[in-house]
Amino acid sequence: MPQTTTAEEIRQQINKSFEELKTLRDDIKVRLHLAGMDAKKSWNEQLEPRFLEAEKHVREAGAAARDALGEIVKSFKTFSSTLAQKVEEAAHGDKKSAHGEKKSH
């Protein structure tokens with residue numbers, strides 16, 4: 001017999017996902033100041049509005065909200081990973097410049 005998920009279990013899953021989302025958001029905001037304007041624009045236009053959407057889903061809490069929140073967390077993880085790469089690339093570029101090498105534009 002399939003196990004059913006209670007409303008409380010769904011709420012716990014939603015809260016756990018939302019806490020993860022808030023942590024990712026905070027991490028992204030810390031790194032954004034090191035990233036270029038393209039990353040900041042992506043955050044402001046695409047992901048920050050999705051965070052507000054996630055907050056709304058959490059308030060409405062239900063199975064559909066859990067699924068929607070899971071998708072939003074996934075997109076934040078992807079953006080965070082891309083942002084980390086850009087920050088690392090920028091740091092390596094700055095190190096090259098400091099050693100007399102010119103960055104190509």
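For the structure, see preceding data.
Conventions and cut-offs
- Residues numbered from 1 in each chain as written.
- Predicted model: local features only at pLDDT ≥ 70, side-chain atom pairs only at ≥ 80, totals over all residues.
- Heavy atoms only, no water.
- Helix = DSSP H or I, 4+ residues; strand = E, 2+ residues; numbered from the N terminus.
- Buried < 20%, exposed > 50% of the residue type's maximum accessible area, 1.4 Å probe, protein only.
- Areas by Shrake-Rupley, 256 points an atom, 1.4 Å probe, with all protein chains shown as cover.
- Salt bridge = Lys/Arg side-chain N within 4 Å of Asp/Glu carboxyl O.
- Phe/Tyr/Trp six-rings, centres within 6.5 Å; stacked < 30°, edge-to-face > 60°.
- Expected span 1.5 Å × (residues − 1).
- Bend = angle between axes of the 7 residues up to and from the residue.

## Observations concerning the overall build of the chain
In terms of helices and strands, the chain carries 3 helices and 0 strands. For the chain, the succession of helices and strands along the chain, N to C, is α-α-α. Counting the 105 residues in the chain, one finds 28% classified as buried. Summed over all atoms, the accessible surface of the chain reaches about 7500 Å², with 51% contributed by carbon and sulfur.

## Things to note about the environment of asparagine 15
One can find asparagine 15 in helix H1 (residues 7-32). Between the alpha carbons of asparagine 15 and valine 58 there is a distance of 7.4 Å; along the sequence they are 43 residues apart.

## Examining the pattern of salt bridges
According to the stated counting rule, one finds 5 salt bridges in the structure shown. When the shortest N-O distance is used, the salt bridge between glutamate 19 and lysine 22 registers 3.0 Å. With glutamate 19 and lysine 22 both in helix H1, this residue pair falls 3 residues apart, about one helical turn. Residue class for glutamate 19 comes out partly exposed when judged on its relative accessible area of 43%.

## Description of the packing of aromatic side chains
In this structure the tally under the stated criterion is 3 aromatic pairs. On the numbers, 5.5 Å between centres and 25° between planes, the contact of phenylalanine 18 with phenylalanine 51 is stacked. Of this pair, phenylalanine 18 sits in helix H1 while phenylalanine 51 sits in helix H2 (residues 37-60), and the two are 33 residues apart along the sequence. Considered together, phenylalanine 18 and phenylalanine 51 belong to a single accessibility category, that of buried residues. A ring pair is formed by tryptophan 43 and phenylalanine 79, whose centres lie 6.4 Å apart and whose planes are at 35°; its orientation type is tilted. Of this pair, tryptophan 43 sits in helix H2 while phenylalanine 79 sits in helix H3 (residues 63-98); the two residues are 36 residues apart in sequence, bridging distant segments of the chain. We note that tryptophan 43, like phenylalanine 79, is buried.

## Re H2
Counting along an α-helix, one turn takes 3.6 residues, and residues three or four places apart therefore face a common direction. A rise of 1.5 Å per residue sets the reference length of H2, with its 24 residues, at 34 Å; its end C-alpha atoms lie 34 Å apart and thus fit the reference within 8%. Residue tryptophan 43 marks the point of greatest curvature in H2, where the axis turns by about 40°. For H2, the full list of buried residues reads Ala39, Trp43, Leu47, Phe51, Ala54, His57 and Val58.

## Description of the environment of arginine 11
Tracing the backbone shows arginine 11 in helix H1. Judged by its relative accessible area of 41%, arginine 11 falls in the partly exposed class. The spacing of arginine 11 and arginine 66 is 55 residues in sequence and 8.1 Å in space, taken between C-alpha atoms.

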